[in-house]
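Okay, here's what each chain looks like letter by letter:
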Amino acid sequence: MFKPTALSSVDSYKLGHAEQYPANTTKVYSNFTPRSMSHFIVPSEFSTTGIVWFGLQGFLAELQEVWDTTFFDRHVQAALQEAEELYAPFCGPNGFDTSRLAALHKLRYLPLEIKALPEGSQVPVGVPVLTITNTLPEFYWLPNFLEAWMSSELWKSSTSATTSYVYRKIINKYAELTGGSKEFVQWQGHDFSVRGMSGIVDAAKSGAGHLLSFTGTDNLPAVKYLQQLYRGKETFIGGSVPATEHSVMCAGGKESEVETFRRLITQYPKGIISIVSDTWDFWNVITNTAKELKQEILARQPDEFGISKVVFRPDSGDPVKIICGDPSAPKGNPEYKGAVECLWDIFGGTTNSMGFKTLNSKVGLIYGDSITPLRCLEILRQLKDKGFASDNIVFGIGSYTFQYQTRDTLGFAMKATYVEIDGVGQAIFKDPKTDSGTKKSARGLLCVDSDKDGFYLVDNATSEQEQDGNLLRTVFLDGKILVNESLADIRSRLGVI
């Protein structure tokens, strides 16, 4: 089984950089910063100038464990042999000098200081979320040796957290506009992504970011991740309901589909049961099957939370048209009306004080195929136009949202801005003439401060500013993790749950 090691979690081009810095370099100071949101595709009215910062505490635990178990706790000769064998094809005729690894092994800890903004903070583009530097001069090469690992592990959690925060803002807004249930909002964004992510660990870290803004999730790896690394057992993390899949419905047979529905509804007589409904003909299910089973559905008993709902789940087609209706379809047909109106025709519901309709509490809808922030907004907008409140639908947010992202979605990059050579500090920066300005880096020591508009960067800071006037707080120092925040802390900071 493949498991990453401290010495393999690196881009090979980092192997020669220690020798490539000027002679007598003793410090390298770098930062990790979201630089651009030009590739972050969300509705313009819900766009943001900042990102939701998340994932560092989990990464620090991983960093420490991997370095301890695969490097510091091994015999030095075994660790050095791994390096020599692994690095040999990448280093050219000069080879790789393992003496600095031997010195690091003798030290028995990572001589680094990492400072960071608190997780759950909303951070403007161009403001660093962390800085990293060496604490002993001979290990100047170490901060940027870790760049590839840090970047690859940190960008996704923040990107998913930022994306789900946008979903939350959209749903919040339409709850306000239509009188939808404010309590229900945190369940209306539901993580369906696990099977489409780049592995279970990726799913866990991405799904944990989603859970800053919502409590609806099928992502058990994310729940476990938050329990282990963010004191998640101290609060309610998230949950789901019994739900079918197509194999269940197919096994019951096409001709007996209504009996499969009846069996499931009676098998789960209380609470919520979610039933995939487009295995053959969704429009038949949402009209004829729903009508035939109306009395059984209405007779369901509430659970301890007072809930007794059958949720119909369409899983194919254009989600906007399926939920809200297709104006190009023959007038009066189910396709023309859309799923919400079809259920209203059978089960009715209530009209709230703002004049918008909510389906009978015994029925509901969840749509989980190819949902995006743009489609979420359009569904809620069209429901509003039809006179329905926002709380008639739950959005299953899957890998179509969370996996169609890259490091460039929020422009994350780790860059050095300060070095010390021969005991003299100097600011360094990049500003490519061929670039639009996105890749222009900050300069020198960095300090983050805040005002009424949020965080802002002070670059070319004095050492006093960097040490004492800095909202970037030390979270890792010489092998010790100095932060242990809970999911509840981080949610509170973001301010949506």
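See the structure above.
Okay, so let's go over this structure.

Rules used throughout
- Residues numbered from 1 in each chain as written.
- Predicted model: local features only at pLDDT ≥ 70, side-chain atom pairs only at ≥ 80, totals over all residues.
- Heavy atoms only, no water.
- Helix = DSSP H or I, 4+ residues; strand = E, 2+ residues; numbered from the N terminus.
- Buried < 20%, exposed > 50% of the residue type's maximum accessible area, 1.4 Å probe, protein only.
- Contact = heavy atoms within 4.5 Å.
- Areas by Shrake-Rupley, 256 points an atom, 1.4 Å probe, with all protein chains shown as cover.
- Lys, Arg positive; Asp, Glu negative; His and termini not counted.
- Charge placed at Lys NZ, Arg CZ, Asp CG, Glu CD.
- Pairing = 2+ DSSP bridges.
- Right-handed = clockwise from strand over helix to strand, strands pointing away.
- 1 Å grid on protein atoms, 1.4 Å probe; cavity = no way out; pocket = protein on both sides within 12 Å on 5 of 7 lines; lining within 4 Å.
- Points joined across faces, edges and corners; volume = space filled by probe spheres on them.
- Nonpolar A, V, L, I, M, F, W, Y, C, P; charged D, E, K, R; others polar.
- Salt bridge = Lys/Arg side-chain N within 4 Å of Asp/Glu carboxyl O.
- Polar contact = N/O pair within 3.5 Å; in protein donor to acceptor, adjacent residues only side chain to side chain.
- Axes fitted to C-alpha atoms, helices over the stretch in contact; angles between N-to-C directions.
- Core = buried A, V, L, I, M, F, W, Y, C linked by side-chain atoms within 4.5 Å.
- Parallel < 35°, antiparallel > 145°, perpendicular 65-115°, else oblique.

## What to know about the overall build of the protein chain
Assigned secondary structure in the protein chain consists of 19 helices and 19 strands. By its C-alpha atoms, the protein chain is 80 × 50 × 45 Å across when sized along the principal axes. Counting every position in the protein chain, which comprises 497 residues, the buried fraction comes to 53%. Within the protein chain, counting contacts between residues at least 6 apart in sequence, those at least 24 apart form 76% of the total. A total accessible area of about 21,700 Å² is found for the protein chain, and carbon and sulfur atoms account for 50% of it. Positive and negative side-chain charges in the protein chain, numbering 49 and 57 respectively, have mean positions lying 4 Å apart.

## Points about the pairing of strand β12 (residues 363-367)
The side chains of a regular strand alternate, residue by residue, between the two faces of the sheet. Counting buried residues along β12, five of its five residues qualify, which places the element largely inside the surrounding structure. Taken together, the three bridges between strand β9 (residues 308-313) and β12 define a ladder with parallel strand orientation. Note on β12: the bridge partner recorded for Val 311 is Gly 364. Bridge count for β12 against strand β13 (residues 394-397) is two bridges, and the pairing is parallel. Residue pairing across strands places Tyr 367 opposite Phe 395, the latter belonging to β13. With helix α16 (residues 373-385) bridging β12 and the parallel β13, this β-α-β connection has right-handed handedness.

## What about empty space enclosed by the protein?
Throughout the structure, instances matching the rule amount to two cavities of 30 Å³ or more. Estimates place the volume of the largest cavity at around 80 Å³. The set of elements that each furnish at least two residues to the lining of the largest cavity consists of α1 (17-20) and α5 (142-145). Counted by class, the lining of the largest cavity contains six nonpolar, two polar and two charged residues. Empty space within the second largest cavity amounts to approximately 50 Å³. For the second largest cavity, the full set of lining residues is Leu 56, Gln 57, Ala 116, Leu 117, Pro 118, Glu 119, Arg 473, Val 475, Val 483 and Glu 485. Secondary structure elements with two or more residues in the lining of the second largest cavity: α2 (56-72) and β18 (473-477). When its residues are assigned to classes, the lining of the second largest cavity shows six nonpolar, one polar and three charged.

## Looking at the pattern of salt bridges
What the rule picks out here adds up to 21 salt bridges. Salt-bridge contacts for Glu 234 lead to Arg 231; the nearest nitrogen and oxygen are separated by 2.9 Å. When its relative accessible area of 54% is taken as the criterion, Glu 234 is described as exposed. A residue is classified by how much of its surface remains accessible, and Arg 231, at 29% relative accessible area, is partly exposed. For Asp 453, the salt bridge is made with Lys 452, and the minimal N-O distance between the two is 3.4 Å. On the basis of relative accessibility, which here comes to 62%, the residue Asp 453 falls in the exposed class. Within this structure, Glu 259, Arg 262, Glu 292 and Glu 296 form a network of salt bridges that share partners.

## A few points about the layout of surface pockets
For the second largest pocket, the calculated volume is near 690 Å³. In this structure, the second largest pocket is lined by 23 residues; those nearest its centre are Glu 62, Glu 65, Val 201, Lys 205 and Tyr 225. Mapped by element, the contributors of at least two residues to the lining of the second largest pocket are α2, α6 (147-178), α7 (200-210) and α8 (220-229). With seven residues, α2 is the largest single contributor of residues to the lining of the second largest pocket. Here the lining of the second largest pocket is built from residues that sort into ten nonpolar, five polar and eight charged.

## Remarks on helix α11 (residues 282-292)
When α11 is considered as a whole, its buried residues turn out to be Phe 282, Trp 283, Val 285, Ile 286, Thr 287, Thr 289 and Ala 290. For α11, the side-chain oxygen to backbone nitrogen distance between the N-cap and Trp 283 is 3.1 Å, and the N-cap itself is Asp 281.

## Some details on the sheet that holds strand β8 (residues 271-276)
Within the open sheet, the six strands sit side by side as β7-β6-β13-β12-β9-β8. Their pairing is parallel. Each edge of the open sheet carries a strand with a single partner, namely β7 (216-217) and β8. Strand direction decides the pairing type here: strand β6 (residues 189-191) and β7, joined by two bridges, are parallel. Opposite His 190, over in β7, you have Gly 216 as the bridge partner. Of the strands in this sheet, β9 and β12 touch helix α15 (residues 339-347), which is tilted by about 170° from β12.

## Brief notes about unusual backbone geometry
Backbone phi values are negative for most residues with the exception of glycine, while trans is the configuration of most peptide bonds. Although it is not a glycine, Ser 370 adopts a positive phi angle of roughly 60°. Summarising the element assignment, Ser 370 is placed in the loop between β12 and α16.

## Let's talk about the sheet that holds strand β19 (residues 480-481)
Taken in spatial order, the seven strands make up an open sheet running β15-β14-β1-β5-β3-β18-β19, and their pairing is antiparallel. Lying at the two open borders of the sheet, with one neighbouring strand each, are β15 (424-427) and β19. Where β18 meets β19, two bridges bridge the pair, whose relative direction is antiparallel. Within β19, the position partnered with Phe 476 by the bridge is Ile 481.

## Concerning the nonpolar core
Counting 114 residues, the largest nonpolar core has Trp 53, Trp 67, Tyr 87, Leu 146 and Phe 312 as its most contacted members. Broken down by element, this core gets its largest block of residues, ten residues, from α6. Filtering out sequence-adjacent residues up to four positions away, Phe 312 remains in contact with Phe 261, Ile 275, Ser 277, Val 285, Ile 286, Ala 290, Ile 297, Leu 343, Val 363, Gly 364, Leu 365 and Ile 366. Within the second largest apolar cluster, 18 residues are counted, among which are Ala 208, Ala 222, Leu 226 and Leu 494.

## Some points on the packing of α11 against α15
When two helices pack together, you describe them by how their axes are tilted relative to each other and by the distance separating the axes. Packing of α11 against α15 brings their axes to within 9 Å, and their N-to-C directions diverge by 10°. It follows from the interaxial angle that α11 and α15 lie roughly parallel. The residues of α15 that touch α11, namely those facing Phe 282, Trp 283, Ile 286, Thr 287, Ala 290 and Lys 291, are Ala 339, Cys 342, Leu 343, Ile 346 and Phe 347. Of the residues contributing to the contact of α11 with α15, the split by class is nine nonpolar, one polar and one charged.

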